[in-house]
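So you can see what is in the structure, the chains are spelled out below.
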Amino acid sequence: MASGRESWVGWVELTTEPISELATRHTAQVMRDVGAHVLGVVEAESRELLRMFSASVLKHVGWTPYEEVHLIDGNDERGINVGLLTRDAHEVITIRTHVYARDKSGVVFSRDCAEYHVRTPAGPEVVLLVNHLKSKGYGTPGDPLGARRRFRQAVRIARIVNRLRDEGHEHIAVVGDLNDTADSEALRPLFQRTGLRDISEHEDFDWDHRLGTYRGVNEKGKIDYVLLTPALFAKAVGGGIFRKGVWRGPRTRNRWDVYETMTGEVHAASDHAAIYADIDWNR
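Per chain, the residues get numbers from 1 upward, laid out in the order the sequence is written. Totals for whole chains, interfaces and linings use every residue, but because this is a predicted model, local features are given only for residues with pLDDT of at least 70 and side-chain atom pairs only at 80 or more, for both listing and counting. Hydrogens and water are ignored here; the side-chain numbers use all heavy atoms of the structure.

Draft legend 1. Up close: the pairing of strand β10 (residues 172–177). The buried count for β10 comes to 6 of 6 residues, which makes it a mostly enclosed element. For strand β9 (residues 125–132) and β10, the ladder comprises 6 bridges, and the chain directions are parallel. By the bridge assignment for β10, Asn131 is matched with Gly176. Pairing between strands requires that DSSP locate at least two bridges from one strand to the other. Helix and strand assignments follow DSSP, with helices taken as H or I runs no shorter than four residues and strands as E runs no shorter than two, numbered in order from the N terminus. Bridge analysis of β10 against strand β13 (residues 224–228) gives 5 bridges, and the strand direction is antiparallel. Note that in β13 the partner of Asp177 across the bridge is Asp224. Here's how the labels work: a residue is buried when its accessible area is under 20% of the maximum for its type, exposed when over 50%, partly exposed in between, all with a 1.4 Å probe on protein chains only.

What follows is the structure in structure tokens.
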């Protein structure tokens, strides 16, 4: 891999905004440099566009396409979806959508909680739940409507995780943009009812200059996650945040490295940094 690491699972946020050719290239460079065998993505428009991106743009940045590209249309009317890409003989053997999940208030997921069962070359099956929870409202103090929706979504994800564990699945990862901090009331059910652990808790996690994942924000900008069940966390040897595709202004303090060709915000791969976990199946 270009970065010299052995990243097993990661996730990248794409963008639905009009972007430049350089921004597209930088997104591919982020994917290349994170180097994950299994990569969750959000804000993807369609499986075909995601497949074409993998097949063509990754080649232009000196990397090979992902062998499998998966995406199911979700509930967002704008057509922004969650998906999964796998490589190096990591095979998706089962897919389940939760777009029809409902509770007493109605449809639960803003997009989907896409459930992918992945067979690994090392043997264990891993279940990935790729999520993009309800976005925070802008201009509404406290975001009460969004927080209530995220709470409902966290409750349902916790239920799915516990159902999977009851079925005998030990290795489960919840990845994506959860749009809130770990100490928020909205995400409380996800953490308190499942035992999931954030890869950022690992002693060898590399924060790369900031404690957040969104733009240049610190703790209150930590809204992107790779959450692992205890059995999977026990096999983690590290992880980190990869920021080279996120724009930072010239006056930013404690600046992180960016790609040399990223000379303006319009060239950014995303305003969310990628996050990844390094897994050693021999542990």
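So, next bit.
Draft legend 2. Looking closely at the packing of helix α1 (residues 21–34) against helix α2 (residues 47–60). All axes here are fitted lines through C-alpha atoms, helices being fitted over the stretch that makes contact, and every angle between N-to-C directions spans 0 to 180 degrees. Two elements in contact, α1 and α2, have axes whose closest approach is 9 Å; the angle formed by their N-to-C orientations is 90°. By the angle between their axes, α1 is roughly perpendicular relative to α2. Judged by residue contacts, Thr24, Arg25, Thr27, Ala28 and Met31 of α1 engage Phe53, Val57, Leu58 and His60 from α2. For this scheme, ten residues count as nonpolar: Ala, Val, Leu, Ile, Met, Phe, Trp, Tyr, Cys and Pro. Four count as charged, namely Asp, Glu, Lys and Arg, and the remainder, Gly too, count as polar. Among the residues making up the contact of α1 with α2, the classes are represented as 5 nonpolar, 3 polar and 1 charged. We call two directions roughly parallel when the angle between them is under 35 degrees, roughly antiparallel when it is over 145, roughly perpendicular when it lies between 65 and 115, and oblique otherwise. Should any heavy atoms of two residues lie within 4.5 Å, those residues are counted as being in contact.

Draft legend 3. How the structure looks around the nonpolar core. Among the nonpolar cores identified, the biggest contains 59 residues, and Leu128, Ile199, Val226 and Leu228 are the most heavily contacted of them. Look past the residues within four positions of Leu228 in its chain and what remains in contact with it is Ile172, Ala173, Gly195, Leu196, Arg197, Ile199, Phe233, Ala236 and Ile279. Note on terminology: a nonpolar core comprises buried Ala, Val, Leu, Ile, Met, Phe, Trp, Tyr and Cys residues joined through side-chain atoms within 4.5 Å. Ranked by size, the runner-up nonpolar core spans 21 residues in total, among them Val108, Val127, Leu164 and Leu227.

Draft legend 4. Broad picture of the pattern of salt bridges. For salt bridges, the criterion is a side-chain nitrogen of Lys or Arg within 4 Å of an Asp or Glu carboxyl oxygen. Taken as a whole, this structure holds 18 salt bridges when the rule is applied. Glu115 serves as the salt-bridge partner of Arg163, at 3.0 Å between the closest nitrogen and oxygen. Of this pair, Arg163 sits in helix α3 (residues 144–166) while Glu115 sits in strand β8 (residues 113–119), and the two are 48 residues apart along the sequence. Among the residues examined, Arg163 registers a relative accessible area of 22% and is labelled partly exposed. A relative accessible area of 2% places Glu115 in the buried class.

Draft legend 5. Structural detail: the pairing of strand β14 (residues 236–242). Of all 7 residues in β14, 6 are buried; the element is thus mostly enclosed. With 2 bridges connecting them, strand β12 (residues 205–206) and β14 associate as parallel partners. When the bridges of β14 are listed, Phe205 appears paired with Gly239. Sheet analysis places β14 next to strand β15 (residues 274–279), joined by 6 bridges and oriented antiparallel. By the bridge assignment for β15, Phe242 is matched with Ala274.

Draft legend 6. Examining the sheet that holds β10 more closely. Spatial strand order, β5-β8-β9-β10-β13-β11: 6 strands in an open sheet with mixed pairing. The sheet is open, and its two edges are formed by β5 (91–96) and β11 (197–198), each paired on a single side. Pairing geometry for β8 and β9, over 7 bridges, is antiparallel. Bridge pairing links Cys113 to Asn131 in β9.

Draft legend 7. Region of interest: α1. Helix span is expected to be 1.5 Å times the residue number reduced by one. Helix length check: α1, at 14 residues, gives a terminal C-alpha distance of 20 Å against a target of 20 Å (1.5 Å per residue), a fit within 8%. Burial analysis of α1 places 10 of its 14 residues in the buried class, the great majority of the element. Taken as a whole, α1 has its buried residues at Ala23, His26, Thr27, Ala28, Gln29, Val30, Met31, Arg32, Asp33 and Val34. Summarising the contacts, the buried residues of α1 are in contact with β1 (9–13), β2 (38–44), α2, β14 and β15. Looking one or two places after α1, you find Gly35, whose phi comes out positive at around 70°.

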